[in-house]
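Structural characterization, general
Residue strings, one per chain:
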Amino acid sequence: MLSGKRIILGVTGGIAAYKAVFLLREFQKAGAEVRVTMTPSATRFVGSETFASLSNHSVAIEIFPDEGESDTDWTRHINWGEWADLFVIAPCTGNTIAKIANGISDNMLTATVLAARCPIMICPTMDGEMYESPSVVKNLKTIQEFGYHILEPESGFLASGLDGKGRLPEIETILDTASEIIGFIEGPLQGKKVLVTAGPTREFIDPVRFISNPSSGKMGVAMAKAAQRLGAEVILVHGPVTTDLPEDMRCIPVISAHDMFEAVKIYADADYIIMAAAVSDFTPKETFEHKVKKGNATSSVSLKQTQDILQWLGEYKKADQVLIGFAMETQDLLSNAKKKLNSKKADWILANSLSTNDSGFGTDTNEVYVLGKETEHRIKGTKQEVAEQALNFILDSE
Ligand code: CTP
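Residues numbered from 1 in each chain as written. Predicted model: local features only at pLDDT ≥ 70, side-chain atom pairs only at ≥ 80, totals over all residues. Heavy atoms only, no water.

1. Considerations on the overall build of the protein chain
For clarity, the threshold we go by: Runs of E in the DSSP output that reach at least two residues are strands. Runs of H or I that reach at least four are helices, and both are numbered from the N terminus. Three labels apply to residues, based on accessible area from a 1.4 Å probe with only protein chains included: buried if under 20% of the type maximum, exposed if over 50%, partly exposed otherwise in between. Residue contacts are defined here by distance: any two heavy atoms, one from each residue, within 4.5 Å place the two residues in contact. Computed with a 1.4 Å probe, the accessible areas rest on the Shrake-Rupley method; for each residue, only the protein chains presented here act as cover.
From N to C terminus, the protein chain includes twelve helices and 19 strands. Along the first, second and third principal axes, the C-alpha set of the protein chain runs to 85 × 50 × 40 Å. Sorting the 398 residues of the protein chain into buried and exposed places 51% on the buried side. For the protein chain, long-range pairs separated by at least 24 residues make up 64% of all intrachain contacts whose partners lie at least 6 apart in sequence. For the protein chain, the computed accessible surface area is about 19,400 Å², with 49% contributed by carbon and sulfur atoms.

2. Section: the sheet that holds strand β5 (residues 149-150)
For clarity, the cut-off: At least two DSSP bridges between two strands are needed for those strands to be called paired.
Sheet architecture is open: five strands sit in the order β2-β1-β3-β4-β5, paired in parallel fashion. Looking at which strands have only one partner, the edges of the open sheet turn out to be β2 (33-38) and β5. Note: strand β4 (residues 120-124) against β5, two bridges, orientation parallel. Note on β5: the bridge partner recorded for Met-121 is His-149.

3. Quick notes on the domain arrangement of the protein chain
Note the following rule: What counts as a domain boundary in this text is fixed by an automatic or database domain assignment.
Here the protein chain is partitioned into domain 1 (6-183) and domain 2 (193-397). Each of domain 1 and domain 2 has a C-alpha centre, and these two points are 41 Å apart.

4. Overview of the side chain of Glu-329
We count it as follows: Between N or O atoms, a polar contact is any pair within 3.5 Å; within protein, one atom must be a potential hydrogen donor and the other a potential acceptor, and residues adjacent in sequence are included only when both atoms are from side chains.
Here Glu-329 is to be found in strand β16 (residues 322-329). At a separation of 3.5 Å, a polar atom in the side chain of Glu-329 contacts the side chain of Asn-336. Here the side chain of Glu-329 touches Lys-340 through a polar contact of 2.4 Å, side chain to side chain. Setting aside its immediate chain neighbours within four residues, Glu-329 contacts Asn-336, Ala-337, Lys-340, Asn-352, Ser-353 and Leu-354.

5. Here we look at the sheet that holds strand β8 (residues 193-198)
Note the threshold: Between N-to-C directions, angles span 0 to 180 degrees; the directions come from axes that are lines fitted to C-alpha atoms, helices contributing only their stretch in contact.
Strand order in the open sheet formed by eight strands is β12-β11-β8-β13-β16-β17-β18-β19, with mixed pairing between adjacent strands. Bordering the open sheet on either side are β12 (250-253) and β19 (376-382), each of which pairs with just one other strand. Pairs of neighbouring strands in the sheet enclose a mean axial angle of 20°, with direction left out of account. Where strand β13 (residues 272-275) meets β16, four bridges bridge the pair, whose relative direction is parallel. Looking across to β16, one finds that Ile-274 is bridged to Ile-324. Relative to the sheet, helix α9 (residues 257-266) contacts β8, β11 (233-238) and β12, its axis offset from that of β8 by approximately 175°. Strands β16, β17 (348-353), β18 (365-371) and β19 of the sheet are contacted by helix α11 (residues 333-343), whose axis makes an angle of about 150° with β17.

As structure tokens, this is what we get:
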């Protein structure tokens, strides 16, 4: 359930803060991406560097970043709040509970609570009689009414030496509850199968030479991740990409356009098919079994056209299936893309231009026009942002 999900781990100033380090590791082992925000007093218990190096992201403590911090955006509480699928505050002190109950937002953690669009899970953790105090009881009731999820603390031996209710639950219990909460969030692609193709193909002339293109596979992988985040079961058929592949996804490696076509046919009953691959249009008529020696070489290679996979999918499209293609152009972007939309019988074409520096092959950013039969929508951002916004736009337009 947590695989591929984005979690903000909020750590407040209680002795159980050290356990949050293990919680972070377990979230990661479950496949989640985690960012950590700490209250200033939490840093008295565990150094922020511990969380920063384990999460591979700077830890946010104050709303206004300190000088020298790598994340210098002072609206990061908003960005983080929009980024996350789940916000887990563990341990959560009586002080932070009181702030949350009253909308106080005087540090990064409490400000992000206000900005968060995702479910919020709170693990109250206190010593002695604090958990039973009237103000904590009242504040927890208020927070529950807000719709936040409270995971009750466990009873047992506390840091003060007292026995009572207030211990942070076992990591496993926190993980189970987080998974349950995530499970309740039904993404719009829940129960849907999405086939995505990514990367280039290689058309071999002989064992050491091939025809290909500079596609990195980044845009296709971003589309696959976006579909998974929206709840879909994703199959990623990919050529030889130069970007990291998601570990928690069914990835099928192929080499040539022919291999890709064969793999795509197996999953051609998917509910959504996203052809983001830069499939070679041509392949050599003849492939030599052995390396062609300089002396024997002719100066030309005869080519034949490969199967246009998207065109084939358009021809055999099943009812209610959504077919999304890409168009990469160097001139007349929109008119060429429109032609592809019609000739390939796709429902949508994501058109991008190769003529700008920050879009196209290998870049981390992209500028894309989402073209439907009657729609045209421009999106610009990182490839991941573009992928998510484009898919959401398509889903909203259906
Ligand atoms: N495509 C495909 N099979 C091919 C070639 C392309 O499925 N043999 C798909 C791509 O994955 C993309 C769309 O068709 O979704 C458009 O690809 P693009 O390379 O932009 O266009 P082409 O169809 O190759 O046309 P042209 O070369 O004329 O631009």
